[in-house]
Amino acid sequence: MRLPTVDELLANVRVVALPMRTRFRGLDVRETMLIASPLGRWGEFASFPEYDDAESASWLSCAIEQAWNQLPSIEERPVFRDVVRTNATLPAVDAADVALVLERFGDFRTVKVKVAEPGQVLADDIGRVRAAREFVGAAGRVRIDANGGWNVDEAEHAIRALEQFDIEYVEQPCTSVDELYEIRTRVHGLGISIAADESVRKAADPVAVARAGAADILVIKVAPLGGVRRALNIIDEAGLPVVVSSALESSIGLGASFDLAMRIEHLDYDCGIATNVLFEQDITPEPANFAIFTATPGIVDEKTAEELRVSPEREQWWRDRAVRCLALL
Ligand SMILES: [Mg+2]
């Protein structure tokens, strides 16, 4: 990949804090850096603030690929679709609030429900998943995501309790690849599939979980994996079905997820890229349609960027971080 200089990288950036509608991943606002290249294209550098530079560098790589338009050509990587079906994402809210949150997603058939939230108990998960199943009806699809929050025994117990709601798959029930292998073996008889997320995007070797036979499905997040080109190589090597999901980016970064999803030949599961509905305010003038995500060139709305601009200290923090990460690429 051709890298910009520091001056080129920082010539036209906006650092904003997008307000969340519902607390998600412990966040009330989502800080992110939007980067424009001289081509007039925008990329997003949204590595979570607690991530170190080594991990964040991949996110910057994705932003540069996007803004400097270094996506694979049609000859290298054909495009298989121009519409990507998306799922709703349900944070770990009370069962009573499920309908209110899901209504915002508009028309969808699949919902991903967050479970195993710290401070909550299995009864909370059961109530939330039941409410989600009732919301989507028998024809809907319900998947759950534990973000590695269970040990193997807890996972088995929870999966057996939640299985009655016809679960499409369980995402990252446990943290390690060994645990995923174990739980996958234990629940195999239930016909429940195991998806790996953190074990892909936070691993030194993103394909190791597939090679170990520890997952049926891979969740692919384009920014943590370093961009469209790298993500496609990982998908090829893993040889498993994939679900493209966001890393809670604005509609700018979601464009990169869409660029990836359109180049994946087999995309049997609805993709988790409609997460901008979780924001009170997005950064593009025209946020994407959440039922079907169609490609739109992501342009930052300057008025909104000004309104949501972070403090000078936070802006400097992001600029310094981008420079350090660029040096690692
Ligand atoms: Mg996940």
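Everything that follows concerns the structure shown earlier in this document.
A quick note: this is a predicted structure, and the numbers were derived from the prediction, not measured.

Asks: Looking at this structure, I do not really get the pairing of strand 10 (residues 217-220). What am I missing?
Replies: A regular strand places its side chains so that they alternate between the two faces of the sheet. Residues of strand 10 alternate between two faces, with I217 and V219 on one and L218 and I220 on the opposite face, all of them buried. Pairing geometry for strand 9 (residues 193-196) and strand 10, over two bridges, is parallel. Across the sheet, the residue bridging to A196 is L218, located in strand 10. As paired elements, strand 10 and strand 11 (residues 242-244) share three bridges and run parallel to each other. Bridged to V219 within strand 11 is V243.

Asks: Looking at this model, I keep getting lost on the pairing of strand 2 (residues 27-36). Mind explaining?
Replies: Along strand 2, eight of the 10 residues are buried, which leaves the element largely enclosed by surrounding structure. In this sheet, strand 2 lies alongside strand 1 (residues 13-24) in antiparallel orientation, the contact comprising eight bridges. Across the sheet, the residue bridging to V13 is I35, located in strand 2. The antiparallel pairing of strand 1 with strand 2 creates a hairpin that spans two residues between the two strands, and R25 there sits at a positive phi of about 60°. As paired elements, strand 2 and strand 3 (residues 42-45) share four bridges and run antiparallel to each other. Across the sheet, the residue bridging to L34 is E44, located in strand 3. Counting the residues in the hairpin turn of strand 2 and strand 3 gives five residues, including G40, whose phi is positive at 85°.

Asks: Would you mind showing me how to read unusual backbone geometry here?
Replies: Negative phi characterises most residues that are not glycine, and trans characterises most peptide bonds. The phi angle at N69 is positive, at roughly 50°, despite the residue not being glycine. Along the chain, N69 falls in the loop between helix 2 (53-67) and strand 4 (83-85). Despite not being glycine, Q172 has its phi angle at roughly 40°, a positive value. When you line up the elements, Q172 lands in the loop between strand 8 (167-171) and helix 6 (177-187).

Asks: How should I be thinking about the pattern of salt bridges in this particular structure?
Replies: Opposite charge on two side chains lets them pair, provided their charged atoms get close. Here the structure, examined in full by the defined rule, presents 29 salt bridges. One salt bridge connects R23 with D28, and the closest N-O pair in it is separated by 2.6 Å. Here R184 and D216 are joined by a salt bridge, their closest N and O atoms 2.8 Å apart. Separated by 32 residues along the polypeptide, R184 in helix 6 and D216 in the loop between helix 8 (208-211) and strand 10 bring together distant segments of the chain. Among the charged side chains, a network of salt bridges with common partners joins D153, E156, R160, E182 and R186.

Asks: Looking at this structure, how should I read the packing of aromatic side chains?
Replies: Aromatic rings considered in pairs are described by the distance between their centres and by the relative angle of their planes. All chains considered together, the criterion is met by eight aromatic pairs. Residues F45 and W318 carry aromatic rings whose centres are separated by 5.7 Å and whose planes lie at 90° to one another, so their mutual orientation is edge-to-face. Of the two residues, F45 sits in strand 3 while W318 sits in helix 12 (residues 312-328), which places them 273 residues apart along the sequence. A single burial state applies to F45 and to W318, both of which are buried. Each ring, one from F108 and one from F135, has its centre 6.1 Å from the other, and the planes form 5°; the classification is stacked.

Asks: I'm lost on the coordination of the magnesium ion in this one. Help?
Replies: Ideal geometry at a metal gives 109.5 degrees between four tetrahedral donors and either 90 or 180 degrees between six octahedral ones. Around the magnesium ion, the protein contributes the donor atoms D145 (OD), E171 (OE) and D197 (OD), which lie 2.1 to 2.3 Å from the metal centre. Summarised as a motif, the one-chain spacing of the donors to the magnesium ion is D-x25-E-x25-D. One end of the pair, E171, is in strand 8; the other, D197, is in the loop between strand 9 and helix 7 (198-201), with 26 residues separating them in the sequence. Neither residue differs from the other here; E171 and D197 are each classed as buried.

Asks: Please explain the environment of Q70 as it appears in this structure.
Replies: Positionally, Q70 belongs in the loop between helix 2 and strand 4. Overall, Q70 belongs to the buried group, its relative accessible area being 16%. Contacts of Q70, omitting those with residues within four sequence positions, involve M1, R2, I64, E65 and R229. Reaching out from Q70, the side chain makes a polar contact with the backbone oxygen of R2 at a distance of 2.7 Å.

Asks: Whenever I open this one, the sheet that holds strand 3 confuses me. Can you help?
Replies: Within a sheet, each strand pairs with its neighbour through backbone hydrogen bonds, oriented either parallel or antiparallel. Across the sheet, which stays open at both edges, the three strands sit in the order 1-2-3 with antiparallel pairing between neighbours. Two strands close off the open sheet at either side, each with one partner strand: strand 1 and strand 3. On average, adjacent strands in this sheet sit at an angle of 35° to one another, irrespective of strand direction. Contacting strand 2 and strand 3, helix 2 crosses the sheet at an angle of about 175° to strand 3.

Asks: Got a minute to help me understand the side chain of R201 in this structure?
Replies: Of note, R201 is situated in helix 7. At 2.8 Å, the side chain of R201 forms a polar contact with the side chain of D197. Those residues in contact with R201 that sit more than four places away from it in its chain are Y51, K221, P224 and L225.

Asks: Help me understand the packing of helix 4 (residues 122-136) against helix 5 (residues 152-162), please; the structure alone is not making it clear to me.
Replies: The description of two packed helices rests on the angle between their axes and on the distance between the axes. Relative to each other, helix 4 and helix 5 sit at 30°, their axes nearing to 10 Å. What the angle tells us is that helix 4 and helix 5 run roughly parallel. Along this stretch, helix 4 crosses helix 5, giving a crossing that reads as right-handed. Residues L122, D125, I126 and V129 of helix 4 form the contact with helix 5, whose participating residues are H157, A158, A161 and L162. Grouping the amino acids of the contact of helix 4 with helix 5 by side-chain chemistry returns six nonpolar, one polar and one charged.

Basis of the calculations
Residues numbered from 1 in each chain as written. Predicted model: local features only at pLDDT ≥ 70, side-chain atom pairs only at ≥ 80, totals over all residues. Heavy atoms only, no water. Buried < 20%, exposed > 50% of the residue type's maximum accessible area, 1.4 Å probe, protein only. Helix = DSSP H or I, 4+ residues; strand = E, 2+ residues; numbered from the N terminus. Pairing = 2+ DSSP bridges. Salt bridge = Lys/Arg side-chain N within 4 Å of Asp/Glu carboxyl O. Phe/Tyr/Trp six-rings, centres within 6.5 Å; stacked < 30°, edge-to-face > 60°. Donors = N, O, S within 2.8 Å, 3.2 Å for Na, K, Ca; no water. Contact = heavy atoms within 4.5 Å. Polar contact = N/O pair within 3.5 Å; in protein donor to acceptor, adjacent residues only side chain to side chain. Axes fitted to C-alpha atoms, helices over the stretch in contact; angles between N-to-C directions. Parallel < 35°, antiparallel > 145°, perpendicular 65-115°, else oblique. Left-handed = near helix turned anticlockwise from the far one by under 90°. Nonpolar A, V, L, I, M, F, W, Y, C, P; charged D, E, K, R; others polar.

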